[in-house]
Amino acid sequence: MDGFVADAGSALLPSLHLPCLPQHFYRAASSHEHKLSFKKSKEVCLSYVQDAILQKQWRRAAEFLTFYIESLEKDYSIEYMGPSEITWRIGTEILCNHSHSSIGEFNSFIEQMKTLGVKRYLKVCLEHAFHLLCNGLIDEAYQNLSLAESWRFGEQTTAQDKDMKLVQAYRGLLDYYSWSKQKNILLEYEQDGLEDSSVEREMHSCFRKAAMGLKEIIKIPGVWDLFVKSYVDLLEFYGDHQEAREVLSEYAYNSKFPANPNAHVYFYQFLKRHGASKKSLISALKILHDIVPSHELMIDFNIMLQKSKKRKKRRLGLEVIFAALDYAGSKENVKAWSCLARQVKQIVISEKHLDWIKEEWNSRKDWWPAFHFSRYLAKRNWQENESLTYEKALVAGVLLGKDCKYFKYVSHQGCKAQVKRFRTLKKFVNRHSPVYLRISGL
């Protein structure tokens, strides 16, 4: 590996014979024959590299890649060709996983890739910074990004403008990290009644550099969750709530940006932190519901809608909680089942809006019984979570009647264990059994 990193051509010893390579890699060939077979040979060699990587045979992959690089150097000695993106990416992958690779070797290889590949210089710099960060070398990563930010190479500088903004953004993210550390130190001092103007100055300096690096990247359409959250945190800390709201609103609602559920979550959380009206909160969650009906915030959405005096919003609340429970991730969510059970119970007792339940149930009656209300699930839920079992049994009893397998098993076990609320549950379902007939259309 030392030879591979420092000088790819010198890594292979003359006696080394790579396993499984076709014979034409070793025998002498005429110039014409070589030109015809070189492309095929190159593809075959790369396929061996790929196979070794997929099997996590990192030493074997390094040998094949070394052979590949060496043959390129020999065959193109007159017209030099710099390393391709394939060489860079495969070499990086091998070095990241090889058991004998060191951070020094990785740095040496990456520096060669930077020198020889100006068309992707900034991408290689970013890769280098990520590797340093993964190894806990934050200061080294920051220095690397700062050097990359000052890089200029004629037309290539303009061609890599987006990559430059990414470099600036990640450097800004590290400045945000430093700002956050300084902020915590300052808060600790304040709690102890102490002051340190140098820490405060350093914190403000980090803020300015971080804001400068972060604000540009989030103007470009894309998914920038980490950058947006960091920038908004900076703005909120210094009281610029209007700017923070505009950034989050733009990120969530600008049609040029890709659909991103997190953008709507961040905007909702910001509104909630700053005491926005219920109308604004409901509006934000309605859009999130349309994108991800199974999101955990749909429970909050349902609770808000149930408290509304408007019939239309309560109807929407029932739709929201039914939709959330359509997904496997919510199958054992006690809060979700509690929300549905509460609203179903209210409707059954009042005997108003049974048509709401019927409308929701019609599209689910063919698959919810097996998905949620089987006897197997009743046994498992009873053993694992009594509260979940209670909420589900109430819903099952209303939707499927007192003969539902889930309800029968749970009510029997609850009464057998002499748990009062299960006796009450059984009486409630028996008393309102005509509701099942109306919902099912019988």
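Worth saying up front: this structure is predicted, and the values here are computed from it rather than measured.

Thoughts on unusual backbone geometry
Here's step 1: One non-glycine residue with positive phi stands out, namely Glu-351, at about 60°.
Here's step 2: One can find Glu-351 in the loop between helix H17 (334-350) and helix H18 (354-362).
Here's step 3: One non-glycine residue with positive phi stands out, namely Gln-418, at about 60°.
Here's step 4: With respect to the helices and strands, the residue Gln-418 is situated in the loop between helix H22 (405-416) and helix H23 (420-431).

Some words on the pattern of salt bridges
Here's step 1: For the structure on display, the rule yields 16 salt bridges.
Here's step 2: Arg-89 is the partner of Glu-127 in a salt bridge, and the nearest nitrogen-oxygen pair spans 4.0 Å. Of this pair, Glu-127 sits in helix H6 (residues 121-134) while Arg-89 sits in helix H4 (residues 85-97); the two residues are 38 residues apart in sequence, bridging distant segments of the chain.
Here's step 3: In this structure Arg-89 comes out as partly exposed when scored by relative accessible area, which is 40%.
Here's step 4: One salt bridge in this structure joins Arg-171 and Asp-175, with 2.6 Å as the shortest N-O distance. Within this pair, Arg-171 and its partner Asp-175 are both found in helix H9 (residues 161-191), separated by four residues, close to a single helical turn. The two residues Arg-171 and Asp-175 agree in class, both being buried.
Here's step 5: In the salt-bridge network here, residues are joined through shared partners; they are Arg-315, Asp-326, Glu-359, Glu-360 and Arg-364.

Side note on the environment of Glu-351
Here's step 1: With a relative accessible area of 48%, Glu-351 lands in the partly exposed category.
Here's step 2: It is 9.8 Å that separates the C-alpha atoms of Glu-351 and His-432, two residues lying 81 residues apart in sequence.

Some thoughts on the packing of aromatic side chains
Here's step 1: The full count for this structure, using the stated rule, is 22 aromatic pairs.
Here's step 2: Centre to centre, the rings of Phe-130 and Tyr-170 are 5.0 Å apart; their planes meet at 75°, and the pair counts as edge-to-face. Of the two residues, Phe-130 sits in helix H6 while Tyr-170 sits in helix H9, which places them 40 residues apart along the sequence.
Here's step 3: Phe-130 sits in the partly exposed class, given a relative accessible area of 34%.
Here's step 4: Between the aromatic rings of Trp-382 and Phe-422, the centroid separation amounts to 5.3 Å while the plane-to-plane angle is 75°, which identifies the pairing as edge-to-face. Taken as a pair, Trp-382 in helix H20 (residues 375-384) and Phe-422 in helix H23 lie far apart in primary sequence, 40 residues in all. Residue Trp-382 shares its accessibility class with Phe-422, and that shared class is buried.
Here's step 5: The structure contains a cluster of three or more aromatic residues connected by ring pairs, namely Phe-322, Trp-337, Trp-361, Trp-367, Trp-368, Phe-371, Phe-373 and Tyr-406.
Here's step 6: Geometry around Tyr-390 places Arg-421 over its ring, the cationic atom sitting 4.7 Å from the centre.

Concerning the nonpolar core
Here's step 1: Within the largest apolar cluster, 61 residues are counted, with the highest numbers of intra-cluster contacts made by Ile-218, Trp-224, Phe-227, Val-228 and Phe-301.
Here's step 2: A per-element tally of this core places H9 first, with nine residues.
Here's step 3: Setting aside residues up to four positions removed in sequence, Phe-227 forms contacts with Ala-169, Tyr-170, Leu-173, Leu-214, Ile-217 and Ile-218.
Here's step 4: Counting 42 residues, the second-largest nonpolar core is a separate cluster that includes Trp-361, Trp-382, Ala-393 and Cys-404.

Thoughts on H18
Here's step 1: Those residues of H18 that sit buried are Leu-354, Trp-356, Ile-357, Glu-360 and Trp-361. Taken down its axis, H18 places every buried residue within 155° of arc, on the same side.
Here's step 2: Check the buried side of H18 and you find it contacts helix H16 (311-324), H17, helix H19 (368-372), helix H21 (386-400) and helix H24 (433-440).

Calculation criteria
Residues numbered from 1 in each chain as written. Predicted model: local features only at pLDDT ≥ 70, side-chain atom pairs only at ≥ 80, totals over all residues. Heavy atoms only, no water. Helix = DSSP H or I, 4+ residues; strand = E, 2+ residues; numbered from the N terminus. Salt bridge = Lys/Arg side-chain N within 4 Å of Asp/Glu carboxyl O. Buried < 20%, exposed > 50% of the residue type's maximum accessible area, 1.4 Å probe, protein only. Phe/Tyr/Trp six-rings, centres within 6.5 Å; stacked < 30°, edge-to-face > 60°. Lys NZ or Arg CZ within 6 Å of the ring centre and 35° of its normal. Core = buried A, V, L, I, M, F, W, Y, C linked by side-chain atoms within 4.5 Å. Contact = heavy atoms within 4.5 Å. Arc of directions from axis to C-beta.

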